[in-house]
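Here is what each chain is made of, one letter per residue.
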Amino acid sequence: TEAAESAELQKGAATSTANEVAAEVSARQCEDGAAAAAKAATEAAEAADMAQAAQNEVLEEVSLCEAEIQAAARAFREALVSELHQGAAAAASAAASASAADASASAASDAA
């Protein structure tokens, strides 16, 4: 029975040691998993930052394009208004010339 008790004690000690080793291995696996998860989270955050920076660049380009379009539209409107004013002035000048010619013709007709 002494041998049986000794065997039981050895079995218990071996089981305890095996449980401790298993717990240590499990703890290390958890630490490794946590480290990998932290690394993945950091990489995801960096990717999100890069995506945000790219989006900001695109928005800035869009804003610049909108400003250029507005400037071109403004220049076009100003040129159009200028041409209309020049055309109106030319038409008024032509009308005045026609009126003067008409008056001159009328005076010549009266004189004749």
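Residues numbered from 1 in each chain as written. Predicted model: local features only at pLDDT ≥ 70, side-chain atom pairs only at ≥ 80, totals over all residues. Heavy atoms only, no water.

## Side note on the overall build of the protein
Each helix and strand in the protein was counted, giving one helix and zero strands. Going through the 112 residues of the protein one by one, you find that 0% of them count as buried. Accessible surface, the protein: about 9,100 Å² in total, of which carbon and sulfur atoms supply 60%. Side-chain charges of the protein comprise 5 positive and 19 negative groups, with the mean position of each set lying 7 Å from the other. (Helix = DSSP H or I, 4+ residues; strand = E, 2+ residues; numbered from the N terminus. Buried < 20%, exposed > 50% of the residue type's maximum accessible area, 1.4 Å probe, protein only. Areas by Shrake-Rupley, 256 points an atom, 1.4 Å probe, with all protein chains shown as cover. Lys, Arg positive; Asp, Glu negative; His and termini not counted. Charge placed at Lys NZ, Arg CZ, Asp CG, Glu CD.)

## Notes on a nonpolar patch on the surface
Side chains of Phe76, Leu80 and Leu84 sit close together on the surface and give an oily, nonpolar patch of about 330 Å² of accessible area. Structurally, leucine 84 is set in helix 1 (residues 2-111). (Patch = residues over 30% accessible without salt bridge, like charges linked within 9 Å, V, L, I, M, F, W, Y side chains within 5 Å. Salt bridge = Lys/Arg side-chain N within 4 Å of Asp/Glu carboxyl O.)

## Points about the environment of isoleucine 69
Within the secondary structure, isoleucine 69 is located in helix 1. Given a relative accessible area of 58%, isoleucine 69 falls into the exposed group.

## Observations concerning the pattern of salt bridges
As enumerated under the stated definition, the model contains one salt bridge in all. Across the pair glutamate 24 and arginine 28 runs a salt bridge whose closest N-O atoms are separated by 3.1 Å. Here arginine 28 and glutamate 24 lie together in helix 1, a separation of four residues that amounts to about one turn.

## Brief notes about a negative patch on the surface
A cluster of acidic residues, Glu57, Glu60, Glu61 and Glu68, forms a negative patch at the surface. Relative to the helices and strands, glutamate 60 is located in helix 1.

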